[in-house]
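# Architecture and fold: a report
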Amino acid sequence: LLKHEVEETRLGAIFSASPEAITISNLNGKIIECNQATLVLHGFSSKEELIGKSASKFIAKKDHKRARENLKKTLEQGPLRHKEYTFLTKDGHEFCAESSASVVKDASGNPMGFVTITKDITERKHMEEELRHNERKIRVLFENLPQKIFYKNNNSVYVSCNENYARDLKIKADEIVGKTDYDFHPKELAEKYRADDKRIMESGKTEEIEEGYIQDGQKRVVHTVKTPVKDENGNAVGVLGIFWDVTERKRMEEDLQRYSKHLEELVEERTRKLREAERFAAIGETAAMVGHDLRNPLQVITNMVYLGKEMVQSMPSPCRELAEKKGVYELFETVEKQMEYMNKIVSDLQDFAKPLKPEFVETSLHQLINETLSMVTIPENVKVSLVIDEDFPKLMVDHTLMKRVFINLITNALQAMPDGGQLIVRLSRTEEDAFISVQDTGVGIPKENLDKLFSPLFTTKSKGTGFGLSVCKRLVEAHSGSITVKSEVGRGSTFTVKLPLGKEVS
Amino acid sequence: VEKKSILIVDDDRDILKSLKDILQSKGYIVGTAETGREAIEKSEDKIYNLALLDIKLPDMEGTELLTKMHRAIPRMMKIMVTGYPSLENAVESLNRGADAYIMKPVDPKNLLKVVEEKLKEQEEAEKMTEEKVAEWIKLRVQKLERDRGKD
């Protein structure tokens, strides 16, 4: 009867051609009609194999109960759609499909059976599963990355972030929605972050930024990669960001840089010292040789001047008076003065070349300075003052060598004041060091000469050897001390000798 | 007055010549030597009151010459002349019997002063020795006379 009715309707054609499996069964679940798609779905070749069989035969046992219940529900409440069951093919293979069932009624409204449309959803299920799997994978990655990740919309309002970032912000990841950087970061940083977002969305280019970040109240440096996110039309809809802490790395880099710079400086310094030592050795050798070789000619000239003077003196008086009148004594005097000067040069040269063997003796520098000042001719237009700290101790120094240092420094100071001025010698101390400074109000030393000042052979004097200060430096260094200079052209210079108080006596 | 004699030892002829002139002008008899060997030979031929020894000589160190001369003629005054003073060679010179130690270039006036002083010291030492000998002889004679008196 049913069959007949169906065949009669126009639905018949649709029924046959439908790509979805349509099955008609009676109230007992016996299949009474099905279309071609049903055969394909279950792997049958003709309708006869299906018709008359219980529809439950093609449903996996585990779903039988549910299927019966659903049919009952259909009868009582109307059509049920998209119920998933595991179906069976002719040879028993399981596959996943969803069914929608409705009740077929006769003209008087009595139920006659069911129409069931079944759709294979294996592929869809598979895709869904894969999607879920991928999403899980991404989620795992997102949450487990040591980096902090966030996504903001095109107004720099947070859309999402990973737990790692949320932990920094002391919130749960889903609480970030709708918040902005102003809610979490100091104003200045927030403004900076948002300006970066804006720029990146405008340029459409990914940027890597090293920037400040505050974590638990501590300043850190982070490396951030921000990428603009675009819609299908290429309009920026947001910014995806990932960042990580590089504070330690930065610090190590800086340390490394500092070390390597320090090392470079050290090597440079060593090289310079070595070169200087070589130069000094060469100068020393030459100085020793020249000094020694000049002694004999100097002696001969000295002798000759003496003999010359004797000769004039032994002349008969008219001759002697004539010679005197002609200025022979002045001549001898000039020669003697120059000799004295040459002699000083020779001594300087030999002092410079001489290996130093200081003999440290407890010495009052006050006394030593006084001795020195009495040895030097102080011009009338120079005022000398001596300023001494009350607790300035006696020091262990080599009396002769230290006196030499002061003679040189004081002589230099006097020579720097051809038109007079003030010479101040100061003795002061700190916990560790004693300072002896010699200050003049003379011509001063141009900046470009300050570095070379203590190098041997450097001089600006017309009659300087260029050994005076280099000898001072050597002598002071033999006392484990150092010598420095401060100077201003036109204002004067101050030379300061620093001696360690390790050698202090009292 | 007996003229004093001085031997100058230096390898520089100009120094020898000029010092010789200076010392001669003060009435000294001056001999010169350019090497250590020559100095030894000359001092064996003639007795010098004083020697000026350069610390550097071509054939030996001045200090070596000093030792040799001090052994041979201890009463001769020996003055070391050095181009550059150092504590070591000053001490060594004195230990080896030098009577003075002076530095080149020396002012001839100072040199003459030192020479004069040293010669005076020598004279006094000799006088002392003479007096001692005289004293000893005197004591000896007294003893002999006392011994004879006992007989």
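Residues numbered from 1 in each chain as written. Chains lettered and ligands numbered in written order. Predicted model: local features only at pLDDT ≥ 70, side-chain atom pairs only at ≥ 80, totals over all residues. Heavy atoms only, no water.

### Here's the deal with the overall build of chain A
Stated formally: Each helix corresponds to a stretch of at least 4 residues labelled H or I by DSSP, and each strand to a stretch of at least 2 residues labelled E; elements are numbered beginning at the N terminus. Residue burial is assigned from relative accessible area. The probe radius is 1.4 Å, only protein chains are included, and a residue is buried under 20% of its type maximum, exposed over 50%, and partly exposed in between. The contact criterion used is simple: two residues touch if any of their non-hydrogen atoms lie within 4.5 Å. Calculation of accessible area relied on Shrake-Rupley with a 1.4 Å probe; when residues are assessed, cover is drawn exclusively from the protein chains displayed.
Of the regular secondary structure elements, chain A holds 14 helices and 17 strands. For chain A, the residues scored as buried account for 38% of the 506 residues in total. Within chain A, residue pairs in contact and separated by at least 24 positions form 54% of the contacts whose partners lie at least 6 positions apart. As displayed, chain A offers around 30,500 Å² of accessible surface, 54% of which is attributable to carbon and sulfur atoms.

### Details of the nonpolar core
We count it as follows: In plain words, nonpolar cores are sets of buried Ala, Val, Leu, Ile, Met, Phe, Trp, Tyr and Cys residues tied together by side-chain atoms within 4.5 Å.
Residues A:Leu365, A:Val405, A:Phe406, A:Leu409, A:Leu423, A:Ile436 and A:Leu453 are the most contacted members of the largest nonpolar core, which totals 45 residues. Considering every element that reaches this core, the biggest residue donor is helix α12 (residues 399-415) of chain A, with 8 residues. Discounting residues that sit within four places of it in the chain, A:Ile436 has contacts with A:Leu365, A:Ile369, A:Phe392, A:Phe406, A:Arg426, A:Leu427, A:Phe495, A:Thr496, A:Val497 and A:Leu499. Residues B:Leu16, B:Ile22, B:Leu23 and B:Leu52 belong to the second largest nonpolar core, which totals 25 residues.

### Focus: the packing of aromatic side chains
Residue and element names in this part refer to chain A. Stated precisely, the cut-off is as follows: When the centres of two rings from Phe, Tyr and Trp lie within 6.5 Å, Trp using its six-membered ring, the rings pair. Their planes under 30 degrees apart give stacked, over 60 give edge-to-face, and anything left gives tilted.
Summed over the entire model, instances satisfying the criterion amount to 11 aromatic pairs over all chains. Aromatic pair Phe87 and Phe95: ring centres 6.0 Å apart, planes at 25°, arrangement stacked. Both residues of the pair, Phe87 and Phe95, count as buried. Taking the centre distance of 6.2 Å and the plane angle of 80° together, the rings of Phe454 and Phe495 count as edge-to-face. Taken together, the positions of Phe454 in the loop between α13 (447-450) and α14 (468-477) and Phe495 in strand β17 (residues 492-500) put the pair 41 residues apart, joining distant regions of the chain.

### Side note on a negative patch on the surface
All names here are of chain A. Put simply, the test is: For patch detection, residues must exceed 30% relative accessible area and be free of salt bridges, and they are connected within 9 Å for like charges or within 5 Å for nonpolar side chains (Val, Leu, Ile, Met, Phe, Trp, Tyr). We count a salt bridge whenever a side-chain nitrogen from Lys or Arg sits within 4 Å of a carboxyl oxygen from Asp or Glu. Charge counting follows a simple rule: Lys and Arg are positive, Asp and Glu are negative, and His as well as the terminal groups are ignored. The location of each charge is read from NZ of Lys, CZ of Arg, CG of Asp or CD of Glu.
A cluster of acidic side chains, namely Glu321, Glu324, Glu330 and Glu333, defines a negative patch on the protein surface. Mapped onto the negative patch, the elements with two or more residues apiece are α9 (317-325) and α10 (328-353). You can call Glu324 partly exposed: its relative accessible area is 38%.

### A few points about the interface of chain B and chain A
Rules: The term buried area refers to how much accessible surface (probe radius 1.4 Å) is lost by two components on association, counted for both of them together. Identification of polar contacts relies on pairs of N or O atoms within 3.5 Å, with a donor-acceptor requirement for protein atoms, meaning one able to donate a hydrogen and the other able to accept it, and with residues adjacent in sequence counted only if both atoms are side-chain atoms. Just so you know the grouping, Ala, Val, Leu, Ile, Met, Phe, Trp, Tyr, Cys and Pro go in nonpolar, Asp, Glu, Lys and Arg go in charged, and all remaining residues, Gly too, go in polar.
Counting from both sides, the interface comprises 23 residues of chain B and, opposite them, 18 residues of chain A. Together, the buried faces of chain B and chain A total about 1,800 Å²; carbon and sulfur atoms form 61% of this surface. If you look at where chain B meets chain A, you find 1 salt bridge. As a salt-bridge pair, A:Glu310 and B:Lys26 come within 3.7 Å of each other at their nearest N and O atoms. Along the contact surface separating chain B from chain A lie 5 residue pairs in polar contact (both at pLDDT 80 or more). Elements with a minimum of two residues in the side of chain B that touches chain A: α1 (13-25), α4 (87-95) and α5 (108-150) of chain B. Counting residues per element, the side of chain B that touches chain A draws most heavily on α1(B), at 7 residues. When grouped by side-chain class, the residues that make up the side of chain B that touches chain A number 10 nonpolar, 3 polar and 10 charged.

### What about the sheet that holds strand β4 (residues 94-105) of chain A?
Through backbone hydrogen bonds, the strands of a sheet pair up, either in parallel or in antiparallel fashion. Residue and element names in this part refer to chain A. Rule in force here: For two strands to be treated as a pair, DSSP must find at least two bridges joining them. In this analysis an axis means a line fitted to C-alpha atoms, helices contributing only their contacting stretch, and an angle means the value between N-to-C directions, from 0 to 180 degrees.
Reading across the sheet, the 5 strands line up as β2-β1-β5-β4-β3 and stay open at both edges, with antiparallel pairing between neighbours. Single-partner strands in this sheet number two, and they are β2 (31-34) and β3 (80-88). The average angle at which neighbouring strand axes cross in this sheet is 30°, direction not considered. Note: strand β1 (residues 21-26) against β2, 3 bridges, orientation antiparallel. Opposite Thr23, over in β2, you have Cys34 as the bridge partner. Each of β3, β4 and β5 (111-120) is contacted by helix α4 (residues 61-77), which is oriented at about 155° to β3, the strand it contacts most. Strands in contact with helix α5 (residues 122-144) are β3, β4 and β5; relative to β4, the strand with the most contacts, it is inclined by about 125°.

### Some words on the confidence of the model for chain B
Any segment with low pLDDT has predicted coordinates that should not be analysed in fine detail. Defined as follows: pLDDT expresses how confident the predictor is about each individual residue, on a scale running from 0 to 100.
Residues with a pLDDT of 70 or more make up 95% of chain B, whose mean pLDDT is 88. Predicted as a complex, the structure gets a pTM of 0.47 and an ipTM equal to 0.79.

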